[in-house]
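Residue-level structural notes
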Amino acid sequence: MRWTKTTKTATWDKNKGTEEVIIQTSIPWRHQMARKTYNLILESEQSEEARKILEEGHERDSLAVK
């Protein structure tokens, strides 16, 4: 789906019922975590050991939050 004006409006309309505080704090946190994770991935690309650690950590963390 393209990010058109209609899609953007529909997305924000869907979130109208949510508390603004949650929206304001979750979006910046989500972006911050995405940047941190991406930086870790970039730093560990060349090291097999580091890649293994990240993959195991991701699997462990995914199970912990489900």
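Procedures and definitions
Residues numbered from 1 in each chain as written. Predicted model: local features only at pLDDT ≥ 70, side-chain atom pairs only at ≥ 80, totals over all residues. Heavy atoms only, no water. 1 Å grid on protein atoms, 1.4 Å probe; cavity = no way out; pocket = protein on both sides within 12 Å on 5 of 7 lines; lining within 4 Å. Points joined across faces, edges and corners; volume = space filled by probe spheres on them. Helix = DSSP H or I, 4+ residues; strand = E, 2+ residues; numbered from the N terminus. Nonpolar A, V, L, I, M, F, W, Y, C, P; charged D, E, K, R; others polar. Salt bridge = Lys/Arg side-chain N within 4 Å of Asp/Glu carboxyl O. Buried < 20%, exposed > 50% of the residue type's maximum accessible area, 1.4 Å probe, protein only. Expected span 1.5 Å × (residues − 1).

To continue, consider the layout of surface pockets. Of the pockets and cavities examined, the largest pocket occupies roughly 230 Å³. Considering the residues around the largest pocket, the lining is formed by Met33, Lys36, Thr37, Leu40, Ile41, Leu54, Gly57, His58, Arg60 and Asp61. Those elements that provide at least two residues to the lining of the largest pocket are α2 (20-44) and α3 (48-65). Per-class residue counts for the lining of the largest pocket are 4 nonpolar, 3 polar and 3 charged.

This part is about the pattern of salt bridges. Counted by the stated rule, this structure contains 2 salt bridges. One salt bridge in this structure joins arginine 51 and glutamate 48, with 3.6 Å as the shortest N-O distance. Taken together, the residues span about one helical turn, with arginine 51 and glutamate 48 both in helix α3 at a distance of 3 residues. As a salt-bridge pair, arginine 60 and aspartate 61 come within 3.2 Å of each other at their nearest N and O atoms. Given a relative accessible area of 55%, arginine 60 falls into the exposed group. The exposure class assigned to aspartate 61 is partly exposed, which follows from its relative accessible area of 40%.

End to end, α3 covers 26 Å across 18 residues, agreeing with the expected 26 Å (1.5 Å per residue, within 8%). Burial runs low along α3: only 1 of the 18 residues are buried.

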